[in-house]
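This is what each chain is made of:
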Amino acid sequence: MPLNYASVDNNASCYAEQARNWLIESKKIARQLNNLFDEAASDPERLRQVIEFAQSSKPSLYLAKPLQENPLESFPAPTLPKEYTLLTADGSQIVPSRHRSLQFGLINIGILSVKFGSGQPPEIKLISELLDYAEILREDGSLATEDDIALVRDLRERILIRDEISPELTRPVLTVTDGPLDIFYRSDIPSQKARAAQKEVFQLDQHLQQVGILSAGYIDKPGSSMLHNMLAIFAEVTGNPEPEQKKYRVSDRILLGNRINPGERSAVFEIISKRRGDPVDRLRVAFFYMNVSTVKEHPWLARVEIPYWISQQPDLVGFIHAALFADAQVLDSHPYPYSLHRAHELAVVKQAEYEEIENLLLSKFPDGSEITGYRSNKDYLKGLK
Amino acid sequence: MSETQKSIPIGKLLRAENSNFVAGCRVRELDTPALGALVKVKLEDQSEIYGLITNILINDDSLVRQLVSGVSIPTEYTADNRYNRNLPVEIHVLTVGYAQNGSISHRLPPRPPLSLDELHLCNPDELCHFTSLNDQSYLRHILRLLDQPVEELLAAHLRQAKSAHESADDSAWYEQACQKMITLLRDDYPRLTTVLDVLTDLERE
């Protein structure tokens, strides 16, 4: 029996009750935060000043800062140009495992280039890169972790997208990746390595800006509470009572869900992310939320991250909003950008492919080689059917 | 054989048994194969297996089903699903004979073709040659099909073969083929009536 269902069932009712209570409490706090949001948004300039004060006085922050638009306003998507290019990339990876006969790492990246208005099928590319042996080892000699390989994958996605850009592409060109635009600051990665990656992302964006290429990161079902954090700082500085229970972080999705009509976007905010040791030349990121649902009663918010320089040009923000909304509507029963889904479909590495690559690599060594060794007994037994 | 008379590759074998086989092809290659067409697979030992296309199947998957229910699909994404995604069109073939050591038989081959063997569309010369042999006995294979529109398949095949034979100044072939069908179906009056209906339709074209 794979699970002791009787035992789980005994606790299921209790769990459901706890979840219901959590929801009730979260909704109570969301109501308080909504009132606070109304008050804060009534004077956007004051709200900005409060955030700027926090930026100069707090050692670490992760919150939203309103930019030019009223924080509670929402905006419909403008009309799309007849011709434009959408360039998306998504990747997957094989993480080295000490349990296997051979330790190796691989990243697999799918790229889709769609020239809207051409009537032609998108150009697709699949790039599979076996990592150098040095890349699968950390400086202390231990094997690279899931986070290490994911960082390499994220960076390669951006570099490969840059390499796809050519003067022949129909302008405007929007490049899209799944997830945050800045390389996610993974806690497991040594800070020096993370800083170097962030710097590289910054330089890549500078290049894109120079050649006039737009970029965006798409986050489906986002869980961040940047607006809650913003309102908490507002309450703290202005002497408003802040909702007390720190355990109940209300996601931005909950706060904005009923404030953005289907197809519309929120105001643009800047991400204020501050940690000790952050590099100076780090990508400055802004974002907006977009309701990709077409049913008012069931909002579905996605976060779209854009470089700060784009946030300063409303027509570019409008184009990104319209292009991503239209792409998400292709799969309208579960709205998510079609082009990103296809890039993922191209890139995903299945277990059978993992084993084929492993066998290919093993064939490069003579029988009994000291390098290849054996699978761990644990791994062998797990494979028994 | 001139350049235009060469048989055209239209797909590769997915699975096979002695009496029938299935090949896969891309949508781009779909403009050549047609219901009732004579096709062949060349085996490694140089023998050839002949068959008639009995069905062409357009497969789907969960993404296509998702797209079908969508409000609008950009032309570029329709093309993506047709030409880029790995969904082969399945060509179902009824085995009707084989060639070995230079001679053609209308019996089933000793072995089926193997997966990834190449499927070719026979050119008009090959079609005329194969369908003229052995008193057109290959037609009996069509009548053993179950749960398929046999009469429609027959009509599609006879129309292509008739046209090829007439182009080769052989107008007697079609009459012989009709006679053969009548002989094969002499004990199945209801079916014979349907087949004769189809043949009448064909002659009116």
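Above: the structure in question.
Cut-offs applied
- Residues numbered from 1 in each chain as written.
- Chains lettered and ligands numbered in written order.
- Predicted model: local features only at pLDDT ≥ 70, side-chain atom pairs only at ≥ 80, totals over all residues.
- Heavy atoms only, no water.
- Helix = DSSP H or I, 4+ residues; strand = E, 2+ residues; numbered from the N terminus.
- Rg over C-alpha atoms; globule rule 2.2 N^0.38 Å.
- Buried < 20%, exposed > 50% of the residue type's maximum accessible area, 1.4 Å probe, protein only.
- Contact = heavy atoms within 4.5 Å.
- Areas by Shrake-Rupley, 256 points an atom, 1.4 Å probe, with all protein chains shown as cover.
- Lys, Arg positive; Asp, Glu negative; His and termini not counted.
- Charge placed at Lys NZ, Arg CZ, Asp CG, Glu CD.
- Phe/Tyr/Trp six-rings, centres within 6.5 Å; stacked < 30°, edge-to-face > 60°.
- Lys NZ or Arg CZ within 6 Å of the ring centre and 35° of its normal.
- Salt bridge = Lys/Arg side-chain N within 4 Å of Asp/Glu carboxyl O.
- Buried area = accessible area lost by both parts, 1.4 Å probe.
- 1 Å grid on protein atoms, 1.4 Å probe; cavity = no way out; pocket = protein on both sides within 12 Å on 5 of 7 lines; lining within 4 Å.
- Points joined across faces, edges and corners; volume = space filled by probe spheres on them.
- Nonpolar A, V, L, I, M, F, W, Y, C, P; charged D, E, K, R; others polar.
- Expected span 1.5 Å × (residues − 1).
- Arc of directions from axis to C-beta.
- Axes fitted to C-alpha atoms, helices over the stretch in contact; angles between N-to-C directions.
- Parallel < 35°, antiparallel > 145°, perpendicular 65-115°, else oblique.

Would you take a moment to explain the overall build of chain A for this structure?
A count of helical and extended segments in chain A gives 11 helices and 9 strands. In terms of overall size, chain A behaves like a compact globule, its C-alpha atoms giving a radius of gyration of 23 Å where 385 residues would be expected to give roughly 21 Å. Structurally, chain A occupies a C-alpha span of about 75 × 60 × 45 Å along its principal axes. Counting the 385 residues in chain A, one finds 49% classified as buried. In chain A, the share of contacts with a sequence separation of at least 24, taken over all contacts with a separation of at least 6, comes to 74%. Looking at chain A as shown, the accessible area adds up to about 19,600 Å², and 52% of this sits on carbon and sulfur atoms. Charge separation in chain A, taken as the distance between the mean sites of 44 positive and 53 negative side-chain charges, equals 4 Å.

In this structure, what is going on with the packing of aromatic side chains? I would like to understand it.
Aromatic ring pairs are defined here through the distance separating the ring centres and the angle between the ring planes. Summed over the entire model, instances satisfying the criterion amount to 10 aromatic pairs over all chains. Plain terms: the ring middles of A:Tyr218 and A:Tyr336 are 5.5 Å apart, the flat faces sit at 85 degrees to each other, and that makes the pair edge-to-face. One end of the pair, A:Tyr218, is in strand S6 (residues 214–220); the other, A:Tyr336, is in the loop between helix H8 (314–329) and helix H9 (338–347), with 118 residues separating them in the sequence. Given the relative accessible area of 19%, A:Tyr336 is considered buried. Aromatic pair A:Phe269 and A:Phe287: ring centres 5.6 Å apart, planes at 20 degrees, arrangement stacked. Placement of A:Phe269 in strand S7 (residues 269–274) and of A:Phe287 in strand S8 (residues 285–291) is noted, with a sequence separation of 18 residues between them. Ring pairs connect the aromatic residues A:Tyr84, A:Phe116, A:Phe319, A:Tyr338 and B:Tyr77, which therefore count as one cluster. Sitting over the face of the ring of A:Tyr308, A:Arg284 holds its NZ or CZ atom 3.7 Å from the ring centroid. The lysine or arginine in question, A:Arg303, covers the ring of A:Phe287, its NZ or CZ lying 6.0 Å from the ring centre.

What's the story with the pattern of salt bridges in this structure? I'm lost.
A side chain of one charge can pair with a side chain of the opposite charge if their charged atoms are brought near each other. All told, the structure shown has 29 salt bridges over all chains when counted by the stated rule. The salt bridge involving A:Arg100 is made with A:Glu358; its shortest N-O contact spans 2.6 Å. Of this pair, A:Arg100 sits in the loop between strand S2 (84–94) and strand S3 (106–116) while A:Glu358 sits in helix H10 (residues 351–362); the two residues are 258 residues apart in sequence, bridging distant segments of the chain. B:Glu90 is the partner of B:Arg15 in a salt bridge, and the nearest nitrogen-oxygen pair spans 3.2 Å. Of this pair, B:Arg15 sits in strand S1 (residues 8–17) while B:Glu90 is found in strand S5 (residues 89–100), placing the two residues 75 residues apart along the sequence. Looking at B:Arg15, the relative accessible area reads 44%, which means it is partly exposed.

Looking at this structure, I do not really get the interface of chain A and chain B. What am I missing?
You'll often see interface size given as the accessible area lost when the parts meet. In this assembly, 22 residues from chain A lie in contact with 18 residues from chain B. Taken together, the two surfaces of chain A and chain B that pack against each other cover about 1,500 Å², and 56% of this comes from carbon and sulfur. Summed over the three residues of chain A that lose the most area to chain B, namely A:Pro121, A:Val330 and A:Tyr338, the buried surface amounts to 33% of that side. Connecting chain A to chain B are 2 salt bridges. Ionic pairing is found between A:Arg342 and B:Asp80, a salt bridge with its closest N-O pair at 2.6 Å.

Would you take a moment to explain the layout of surface pockets for this structure?
The gaps left among the atoms become clear once a water-sized probe is rolled over them. Residues and elements named next belong to chain A. Volume-wise, the second largest pocket comes out at about 460 Å³. As for the second largest pocket, its lining consists of 18 residues, and the residues nearest its centre are Arg253, Ile254, Leu255, Gly257 and Asn258. Of all the elements in the fold, those that place two or more residues in the lining of the second largest pocket are helix H1 (5–41) and helix H6 (252–256). With 6 residues, the top contributor of residues to the lining of the second largest pocket is H1. Of the residues contributing to the lining of the second largest pocket, the split by class is 9 nonpolar, 5 polar and 4 charged.

Would you explain the side chain of A:Ser266 in this entry?
Residue position: A:Ser266 is located in the loop between H6 and S7. When sequence neighbours within four positions are dropped, the list of residues in contact with A:Ser266 reads A:Glu69, A:Glu73, A:Phe75, A:Leu256, A:Ile260, A:Phe288 and A:Tyr289.

Would you mind showing me how to read H10(A) here?
For the α-helix, the turn length of 3.6 residues means that residues three or four positions removed from each other point alike. All names here are of chain A. With 12 residues, H10 should reach 16 Å at 1.5 Å per residue; the first-to-last C-alpha distance of 16 Å fits that figure. All of the buried residues along H10 are Tyr354, Glu358 and Leu361. Down the axis of H10, the sector holding all buried residues measures 60 degrees, keeping them to one side. Its buried side turned inward, H10 meets S2 and strand S4 (123–130).

So what exactly am I meant to see when it comes to the packing of helix H5 (residues 150–167) of chain B against helix H6 (residues 172–184) of chain B here?
When two helices pack together, their arrangement is given by the angle between the helix axes and by the axis-to-axis distance. Residue and element names in this part refer to chain B. One way to put it is that H5 packs onto H6 with a least axis distance of 9 Å and a crossing angle of 150 degrees. Comparing their axes, H6 and H5 come out roughly antiparallel. In contact with Leu154, Leu158, Ala161, Lys162 and His165 of H5, H6 contributes Trp173, Tyr174, Ala177 and Met181.

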